[in-house]
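Architecture at a glance
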2 protein chains.
Amino acid sequence: MKLTTKGRYAVTAMLDLALHYGEGPITLADIAQRQGISLSYLEQLFSRLRRQSLVASVRGPGGGYSLGKEAREIFIGEVISAVDENMDTTKCHGAHNCQNNERCLTHDLWSDLSNQIYTYLNNISLQDLMDRKAVREVADRQEHGDVDASLLDQVGTPAGV
Amino acid sequence: MKLTTKGRYAVTAMLDLALHYGEGPITLADIAQRQGISLSYLEQLFSRLRRQSLVASVRGPGGGYSLGKEAREIFIGEVISAVDENMDTTKCHGAHNCQNNERCLTHDLWSDLSNQIYTYLNNISLQDLMDRKAVREVADRQEHGDVDASLLDQVGTPAGV
DNA sequence: TACTTTCCCAACTAAAATAGTCAAGATTTC
DNA sequence: GAAATCTTGACTATTTTAGTTGGGAAAGTA
């Protein structure tokens, strides 16, 4: 199973797009700055998101990205699938050849778990996230940039340290 | 989040122990052969399982490993936690400093997902797995070794190919 | 037209994690 | 004392992650 920074970045960036809906195309540079994600890395991710029609792009000055469909029609699972190849936890990716071409002892366990996670993430839309109070608070903070000055010198410190 | 071969191997090996309960200590060599896992790698995993008292060991000839408590008291989540350091999906591992020392946009999403997975895996015991029909079938197959001869030359082929 | 802004794309790379191997040793049984 | 088994730590190859680099193509603006 893969649920890494790649998927987190993709969902975060998509949520950023959703939160700025109505302001015209949003540039990756804006997202990169607001969400603290490398611009070049975002470009890679958006290349995949675009291929899945999850975002639409406009080139040139004033251009940028916007959601490919409505926020309530885009589900987290889709976004993660678009950038990470799979969210399957089985070794054989659904085939039943995990061990010597036969099903391994725990095949169904991982298969069930995958379904569980998949169902969970495919029932949460970007709109659902936007409706959450905590998300709106963070978005507000990012918007007005009223960051406590005492924290500014810690920018760039690895998370979790 | 980490749900990789390491965790899968650990659960599979523990389930093997559970299935052979009552036969005295089981050697890692047996498990390695039955489940197709490298012996040295199993040694690493069991070192951690033993530190968490999930297994008990007996040295010397006739020795091996047995479950540290009853199969119905050992939960999948425990086993995975013992070998993988964490199954958290948040970047900050529960702290709220994901972005510039503040909570990132999607913190709660990953936090909720982690709880979901954690709850799921901590409600399935080894005994539950043993009670599953599919598991018993695979165990039977492994026991009697009646492997289709046409498959034998495919042993060692990478899964999923 | 020239210039700038933006998306687009492919190749490269450093660091970390994964999935092991290898070598030595400690216990116990026979 | 020899063999079987666990125990430990260090080493290693491969893959993945999380980027960087460098070029381009399209579109708007002067």
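Residues numbered from 1 in each chain as written. Chains lettered and ligands numbered in written order. Predicted model: local features only at pLDDT ≥ 70, side-chain atom pairs only at ≥ 80, totals over all residues. Heavy atoms only, no water.

Some details on the protein's contact with DNA strand C
The line we're drawing: When we say a residue is near a molecule or strand, we mean one of its heavy atoms is within 4 Å of it. A 3.5 Å cut-off defines polar contacts: any pair of N or O atoms within that distance qualifies, except that in protein one atom must be a possible hydrogen donor and the other a possible acceptor, and neighbouring residues in sequence count only when both atoms are side-chain atoms. Here a strand is any run of E in DSSP of at least two residues, a helix any run of H or I of at least four, and the numbering for each starts at the N terminus. Only Asp, Glu, Lys and Arg are considered charged, only Ala, Val, Leu, Ile, Met, Phe, Trp, Tyr, Cys and Pro nonpolar, and every remaining residue, Gly among them, polar.
Residues in contact with DNA strand C amount to 26 residues; listed here are only the nearest, Ser57 and Tyr65 of chain A together with Thr5, Ser38 and Arg59 of chain B. Of all DNA strand C atoms lying within 4 Å of any protein atom, the proportion belonging to sugar or phosphate reaches 68%. One of the side-chain N or O atoms of Glu43 of chain A is found 3.3 Å from a base nitrogen in DNA strand C. Here a phosphate oxygen of DNA strand C and a side-chain polar atom of Tyr9 of chain B are 3.0 Å apart. Elements with a contribution of two residues or more to the surface near DNA strand C: α3 (39-51), β1 (55-58) and β2 (64-67) of chain A together with α1 (5-19) and α3 (39-51) of chain B. The residue inventory of the surface near DNA strand C, partitioned by class, reads 8 nonpolar, 12 polar and 6 charged.

Observations regarding the protein's contact with DNA strand D
Taken together, 28 residues form the shell around DNA strand D, and within it Thr5, Ser38 and Arg59 of chain A together with Ser57 and Tyr65 of chain B come nearest. Each atom of DNA strand D within 4 Å of the protein was assigned to sugar, phosphate or base; sugar and phosphate come to 67%. At a separation of 3.4 Å, a phosphate oxygen of DNA strand D approaches a polar side-chain atom of Thr4 of chain A. With respect to DNA strand D, the side chain of Ser57 of chain B contributes an N or O atom lying 2.6 Å from a phosphate oxygen. Those elements that provide at least two residues to the surface near DNA strand D are α1 (5-19) and α3 of chain A together with α3, β1 (55-58) and β2 (64-67) of chain B. The element contributing the most residues to the surface near DNA strand D is α3 of chain B, with 4 residues. Here the surface near DNA strand D is built from residues that sort into 8 nonpolar, 14 polar and 6 charged.

What to know about the packing of aromatic side chains
Filter applied, for reference: Aromatic rings from Phe, Tyr and Trp, taking only the six-membered ring of Trp, are treated as a pair when their centres fall within 6.5 Å; an angle between ring planes under 30 degrees marks them as stacked, one over 60 as edge-to-face, and anything in between as tilted.
This model, assessed by the stated rule, comprises 4 aromatic pairs over all chains. Aromatic side chains Tyr9 of chain A and Tyr41 of chain A sit 5.9 Å apart centroid to centroid with 80 degrees between the ring planes, which places their arrangement in the edge-to-face category. With Tyr9 of chain A in helix α1 and Tyr41 of chain A in helix α3, this residue pair connects regions lying 32 residues apart in the sequence. For the ring pair Phe46 of chain B and Tyr65 of chain B, a centre distance of 4.7 Å and an interplane angle of 50 degrees mean the geometry is tilted.

Some points on the pairing of β2 of chain A
Residue and element names in this part refer to chain A. Where we set the bar: In this analysis, strands are considered paired if DSSP registers two or more bridges between them.
Bridge count between β1 and β2: 4 bridges; the pairing is antiparallel. Of the residues in β2, the one forming a bridge with Ala56 is Ser66. Hairpin remark: β1 followed by β2, antiparallel, with 5 residues in the connecting loop; positive phi at Gly60, about 85 degrees.

Focus: the nonpolar core
Counted only if it meets this: Nonpolar cores were defined as sets of buried Ala, Val, Leu, Ile, Met, Phe, Trp, Tyr and Cys residues, with membership established by side-chain atoms within 4.5 Å. Remark: exposure states derive from per-residue accessible area (1.4 Å probe, protein chains only) relative to the maximum for the residue type, with buried under 20%, exposed over 50%, and partly exposed in between. We call two residues contacting when some pair of their heavy atoms lies within 4.5 Å.
One finds Phe46 of chain A together with Phe46 of chain B to be the most contacted residues of the largest nonpolar core, which totals 86 residues. Phe46 of chain A has contacts with Ala13, Leu17, Leu28, Ile31, Val55 and Tyr65 of chain A, leaving out every residue within four places of it along the chain.

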